[in-house]
Amino acid sequence: MIILLLGCSGFIGSHLLTRLLKKDNYRIFGWDLESKKIDHFLPSKNFYFTQADVLAKDSFESLKKQITDVDMVINLAAICNPAMYNTRPLDVIKSNFLDVHQIVDLCATHGKWLIHASTSEIYGRTLSSYYNDNYADKSLYILKEDQTPLVMGPIRNQRWSYACAKQLLERYIYAHHYENSLDFTIIRPLNFFGPEMDYIPGIEGDGTPRVLACFLGALLNNEPMYLVDGGRARRTITSIHDAIDAIEKIIERPGVSKNKIYNIGNVNNEVSMKELAEKMRSIFAKLYDNADYLNHPIEEMDSKIFYGEGYEDCDRRMPDISLAMNDLDWSPKILINDILEETIRYYLKKHNKL
Ligand SMILES: NC(=O)c1ccc[n+]([C@@H]2O[C@H](COP(=O)([O-])OP(=O)(O)OC[C@H]3O[C@@H](n4cnc5c(N)ncnc54)[C@H](O)[C@@H]3O)[C@@H](O)[C@H]2O)c1
């Protein structure tokens, strides 16, 4: 099986590559802007890497040639950092729709199966949050791939640039399926966590990465963990290993997984961001055998100050994962405390702090 893997050096891409290269039956043509997380794979006999922007004019020409040789395309390349959704909305819309729609066109032209990573953010805010029913009615917040309406805020809340661009790309993929028989599978990830997610601010880079890396940075740099808008937003945290199991099964079961949209998440791991911060400082206390960490400062911050004007959050993301469970014979197994402990331990060892 020959796979074109776009975004192969990202968080999900590097874990997927690790899994697929363990097997002899995959040859991977990988593309990414950088190779930091996958340098150790560069000599592998079944891996051919191109370091380039897939959408730059000259590299797109080589991509066009390469696509004719592969069995499927997996697209993980995107800007997907919440700190950029309202501060660099044009880049976000270009990366998640305007540029990438050309990859969808190529797959349709050449009859290649496209497995595309979308996002659970396309559900937007729950209906419960508008009806203010305190989540009494499950049908107003459980997210079902083919039933739940996609509810986003006003245009001035530019935070929705990412979700909206991802949604339009899903519609574009589906339109190609409808008009040109494109085979596709769309994955909607629900907060995958694990080693090598983003970078630790102040240690591995600057800026504002996703929440796991922000909290880790705060704990390692002895700074407060900031809860945006009270840390009330709720997320279902999924181990990257469970997620990669699901993606591998999608690849290996085309008979059932083609032309479907899958929520990939773990319904047993729901936490508010406040609970997540508390759990992470308890794990620090346990790993260092130091109860002082239990009092590591957690402070609230208005989203306008943390992310800038135009920020608005999805309140809750509780997926229905029955389609993935039934089709793929898959169920997520790793519980949140184990996911956090594995990840924190990994970074502490990486930076010689344990
Ligand atoms: N990790 C999650 O929990 C999660 C949640 C929702 C959606 N997703 C989606 O899954 C996909 C992968 O997510 P991730 O967490 O691995 O992100 P990531 O940022 O770690 O990886 C994305 C990779 O794509 C590369 N890339 C971006 N634009 C490129 C371009 N034009 N040419 C070549 N390479 C390019 C980046 O260098 C990076 O290595 C994204 O589409 C993201 O929106 C992930």
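Description of the structure in this document. (Residues numbered from 1 in each chain as written. Predicted model: local features only at pLDDT ≥ 70, side-chain atom pairs only at ≥ 80, totals over all residues. Heavy atoms only, no water.)

This next bit is on the site of the ligand. Neighbouring the ligand are 23 residues, the closest being F11, D32, Y162, K166 and F192. With respect to the ligand, the backbone of G10 contributes an N or O atom lying 3.2 Å from an oxygen atom. Isolated, the ligand exposes 820 Å² of accessible area, and the fraction of that covered by the protein chains is 89%. Listed by contribution, the elements that provide at least two residues to the shell around the ligand are α1 (11-20) and α7 (161-180). The class makeup of the residues in the shell around the ligand is 13 nonpolar, six polar and four charged. (Near = heavy atom within 4 Å. Polar contact = N/O pair within 3.5 Å; in protein donor to acceptor, adjacent residues only side chain to side chain. Areas by Shrake-Rupley, 256 points an atom, 1.4 Å probe, with all protein chains shown as cover. Helix = DSSP H or I, 4+ residues; strand = E, 2+ residues; numbered from the N terminus. Nonpolar A, V, L, I, M, F, W, Y, C, P; charged D, E, K, R; others polar.)

For strand β2 (residues 27-32), the buried fraction is high: five of the six residues fall into the buried class. Following the backbone out of strand β1 (residues 2-6), through α1 and into the adjacent parallel β2, one traces a crossover that is right-handed. (Buried < 20%, exposed > 50% of the residue type's maximum accessible area, 1.4 Å probe, protein only. Right-handed = clockwise from strand over helix to strand, strands pointing away.)

To continue, consider the environment of S44. Along the chain, S44 turns up in the loop between β2 and β3 (47-51). Taking C-alpha positions, S44 is 37 Å from N268, a pair spaced 224 residues apart along the chain.

Quick look at the packing of helix α2 (residues 57-67) against helix α5 (residues 101-110) now. The contact between α2 and α5 brings their axes to 10 Å, and the two run at 30 degrees. The orientation of α2 with respect to α5, classified from their angle, is roughly parallel. Where α2 crosses over α5, the two elements pack in a sense that is right-handed. Contacts between α2 and α5 involve F60, L63, K64 and I67 from the former and Q102, I103, L106, C107 and H110 from the latter. In terms of residue class, the contact of α2 with α5 is made up of six nonpolar, two polar and one charged. (Axes fitted to C-alpha atoms, helices over the stretch in contact; angles between N-to-C directions. Parallel < 35°, antiparallel > 145°, perpendicular 65-115°, else oblique. Left-handed = near helix turned anticlockwise from the far one by under 90°. Contact = heavy atoms within 4.5 Å.)

It is worth spelling out the sheet that holds β2 at this point. A sheet is described by the order of its strands in space; here seven strands give the open sequence β3-β2-β1-β4-β5-β7-β12, paired in parallel fashion. Looking at which strands have only one partner, the edges of the open sheet turn out to be β3 and β12 (260-264). On average, each strand axis in the sheet is tilted by 15 degrees relative to the strand beside it, whichever way the strands run. Pairing between β2 and β3: five bridges, direction parallel. Looking at β3, one finds that D32 is bridged to Q51. Docked against the sheet, α1 engages β1, β2, β3 and β4 (72-75), running at close to 160 degrees with respect to β1. Together, β1, β4, β5 (113-117), β7 (184-189) and β12 form the strand contacts of helix α9 (residues 240-252), whose direction differs from that of β5 by roughly 165 degrees. (Pairing = 2+ DSSP bridges.)

A few words on α1. Burial of α1 is extensive: eight of the ten residues sit out of reach of the surface. Inspection of α1 places F11, I12, G13, S14, H15, L16, L17 and L20 among the buried residues, and these make up the whole buried set. Lining the buried residues of α1 we find β1, β2, β3, β4, β8 (192-193) and α9.

Located in the positive-phi region is S181, a residue other than glycine, with phi close to 60 degrees. Tracing the sequence through the fold places S181 in the loop between α7 and β7.

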